[in-house]
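Residues per chain, in single letters:
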Amino acid sequence: MERECIEQRNGGYYVAGTRISLDSVVYAFNRGESPEQILENFPLLDKMSRIYGAIAFYLDHKAEIDRYLDDVGREIEANSIPLSEENPELWERLHRARQAMLEQTGAGHE
């Protein structure tokens, strides 16, 4: 039954019958989003049973999927150009905005 919920293709895991990666569901689940919120954010999942199936698959294969996600993250990081180099102007604007936000909340004064 669980194999029907997840497909492995193109080197990744996907919710069966969709273009939605298991990664997307797992990250949302690990952020504390409810299945209802996940469906709202990924309406192409279409039905709650797909979300519950994806979460169940993740929980049943947690060590394997966590390793996979770590590997994918490292690969992306190794092949990515830092924003500060790719678009220094945008990076500077984001940095200034973040600093201003921290100052407003008082988090920047420790």
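Whatever comes next refers back to the structure up there.
Everything numeric in this text was worked out from a predicted model, so none of it was measured.

(A) Region of the structure containing the environment of Gly12. Along the polypeptide, Gly12 turns up in strand β2 (residues 12–15). Between the C-alpha atoms of Gly12 and Leu39, which are 27 residues apart in sequence, the distance is 21 Å. When residues no more than four places from it in sequence are discounted, the contact partners of Gly12 are Glu7 and Tyr68.

(B) Inspection of the packing of aromatic side chains at higher detail. Under the definition given, this model contains 3 aromatic pairs. An angle of 45° between the planes, with centres 6.1 Å apart, marks the rings of Tyr13 and Phe57 as tilted. Residue Tyr13 is found in strand β2, and its partner Phe57 is found in helix α3 (residues 48–60); the two are separated by 44 residues along the sequence. You can call Tyr13 buried: its relative accessible area is 7%. Centre to centre, the rings of Tyr13 and Tyr68 are 5.0 Å apart; their planes meet at 80°, and the pair counts as edge-to-face. With Tyr13 in strand β2 and Tyr68 in helix α4 (residues 62–79), this pair connects stretches of sequence that are 55 residues apart. Look at Tyr68 and you get buried, because its relative accessible area is 16%. Joined through ring pairs, the aromatic side chains of Tyr13, Phe57 and Tyr68 make up one cluster. Its end group placed over the ring of Tyr14, Arg9 keeps NZ or CZ at 4.3 Å from the ring centre.

What counts and how
The written sequence of each chain sets the order in which its residues are numbered from 1. Only residues with pLDDT of at least 70 are given local features in this predicted model, and only at 80 or more are side-chain atom pairs given and counted; all residues enter the totals for whole chains, interfaces and linings. The side-chain quantities take in all heavy atoms of the structure and omit both hydrogens and water. Put simply, DSSP H or I for four residues or longer makes a helix, DSSP E for two residues or longer makes a strand, and each gets a number counted from the N terminus. Contacts are assigned to residue pairs that have any heavy atoms within 4.5 Å of one another. Working definition: a ring pair exists when centres of Phe, Tyr or Trp rings (six-membered ring for Trp) sit within 6.5 Å. Plane angles under 30 degrees give stacked, over 60 give edge-to-face, the rest tilted. Each residue gets one of three labels from its accessible area relative to the maximum for its type: buried under 20%, exposed over 50%, partly exposed in between, using a 1.4 Å probe on protein chains only. In our convention, an over-ring charge means Lys NZ or Arg CZ found within 6 Å of a ring centre and within 35 degrees of that ring's normal.

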